[in-house]
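These are the residues of each chain, in order.
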Amino acid sequence: FGLSGADLGKLELIETQTISGATAGIDFTNLQGSTYNVHLLTYNDLQVTTDAATVNIRFSNDGGSSFETSNYDQAVQEGRASGSFFEIRTTSGTNIRLNGNAGTGTNETENGYIYLYNLNDSAKYSFATYHSSVYNRDPSGAMNFGSGVYHQAETINAVRLRPSSGNIDNAVVSLYGIKES
């Protein structure tokens, strides 16, 4: 509780989707943007159908009828179990990359969380900050942390979690709103 007795910063579940079977993407179209300015999206035990696919997020300004494919900037730090680290940066992306090198073998899964900011504010850019991990073919795994921005000031009213190629085969994905007042 805050000083005024308000229950600030409380996570409130908006929706959970459990995927078992191939789907091109997981869409959340009920963001309740007029209630929440900050969202948290979590994904657990996500598996893909195509080796070396990256997992990405895209935004929609038309309720999920289409998803934006340009105007994304991001910076990501990736660390691999082999001990190597590298940075990915772009100012002309087609999405925000959350993790890379997903595999299709037994137990090759991805897990992560993404904070989303300003989605419902037509006067501000929409931002994402995230951490993710993957147990995969490189050998044994990697982690990513980074941030991205959709650099168009418009109302975002849907988000899509998707692989760069193939489909998502299994996952449990939850969207939360963070109560501010």
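You'll find the structure just up there.
All figures in this text were calculated on a predicted structure; none of them were measured in a lab. (Residues numbered from 1 in each chain as written. Predicted model: local features only at pLDDT ≥ 70, side-chain atom pairs only at ≥ 80, totals over all residues. Heavy atoms only, no water.)

(A) Seen up close, the overall build of the chain. When its secondary structure is counted, the chain shows zero helices and twelve strands. Along the chain direction, N to C, the helices and strands of the chain fall in the order β-β-β-β-β-β-β-β-β-β-β-β. Computed over C-alpha atoms, the radius of gyration of the chain comes to 16 Å, within 12% of the 16 Å expected from 2.2 N^0.38 for 181 residues, which places it in the range of a compact globule. Once the C-alpha set of the chain is aligned to its principal axes, its extents read approximately 50 × 35 × 30 Å. (Helix = DSSP H or I, 4+ residues; strand = E, 2+ residues; numbered from the N terminus. Rg over C-alpha atoms; globule rule 2.2 N^0.38 Å.)

(B) Structural detail: the packing of aromatic side chains. Evaluated as defined, the whole model comprises five aromatic pairs. A ring pair is formed by Phe59 and Tyr150, whose centres lie 6.2 Å apart and whose planes are at 75°; its orientation type is edge-to-face. You can see Phe59 sitting in strand 4 (residues 53-60) and its partner Tyr150 sitting in strand 10 (residues 142-150), a full 91 residues away along the chain. Residue classification places Tyr150 among the buried residues on the basis of a relative accessible area of 1%. Residues Tyr113 and Tyr115 carry aromatic rings whose centres are separated by 5.9 Å and whose planes lie at 85° to one another, so their mutual orientation is edge-to-face. Overall, the relative accessible area of 29% leaves Tyr115 in the partly exposed class. Three or more aromatic residues joined by ring pairs form one cluster here, namely Phe59, Tyr72 and Tyr150. (Phe/Tyr/Trp six-rings, centres within 6.5 Å; stacked < 30°, edge-to-face > 60°. Buried < 20%, exposed > 50% of the residue type's maximum accessible area, 1.4 Å probe, protein only.)

(C) Just the nonpolar core, in detail. With 32 residues, the main nonpolar core has Phe59, Leu98 and Leu161 as its most contacted residues. Discounting chain neighbours no more than four positions away, the residues touching Phe59 are Phe67, Glu68, Tyr72, Ile96, Leu116, Leu119, Ser126, Tyr150, Ile156, Ala158 and Val159. (Core = buried A, V, L, I, M, F, W, Y, C linked by side-chain atoms within 4.5 Å. Contact = heavy atoms within 4.5 Å.)

(D) Structural context of unusual backbone geometry. With a phi close to 50°, Gln32 is a non-glycine residue in the positive phi region. Tracing the backbone shows Gln32 in the loop between strand 2 (26-28) and strand 3 (38-48). The phi dihedral of Asn71 falls on the positive side, at around 75°, and the residue is not glycine. Its location among the elements puts Asn71 in the loop between strand 4 and strand 5 (72-80).

(E) A look at the pairing of strand 5. Of the strand pairs in this sheet, strand 5 and strand 6 (residues 85-93) are connected by seven bridges, and their pairing is antiparallel. Residue pairing across strands places Gln74 opposite Thr90, the latter belonging to strand 6. What sits between strand 5 and strand 6 in their antiparallel hairpin is a turn of four residues, with Gly83 showing a positive phi close to 100°. (Pairing = 2+ DSSP bridges.)

(F) Here's a closer look at the environment of Glu180. On the secondary structure map, Glu180 appears in the segment after strand 12 (168-178). Sequence spacing of Glu180 and Lys10 is 170 residues, and the spatial spacing of their C-alpha atoms is 7.7 Å.

(G) Spatial organisation of the sheet that holds strand 9 (residues 126-134). Strand order in the open sheet formed by eight strands is 1-12-3-8-9-10-5-6, and the pairing between neighbours is antiparallel. Both edges of this open sheet fall to strand 1 (11-23) and strand 6, since each of them pairs with a single strand only. Neighbouring strand axes in the sheet, compared pairwise and without regard to direction, differ in orientation by 15° on average. Alignment of strand 5 against strand 10, held across nine bridges, turns out to be antiparallel. By the bridge assignment for strand 10, Glu78 is matched with Asn144. (Axes fitted to C-alpha atoms, helices over the stretch in contact; angles between N-to-C directions.)

The values are spatial; any link to function lies outside them.
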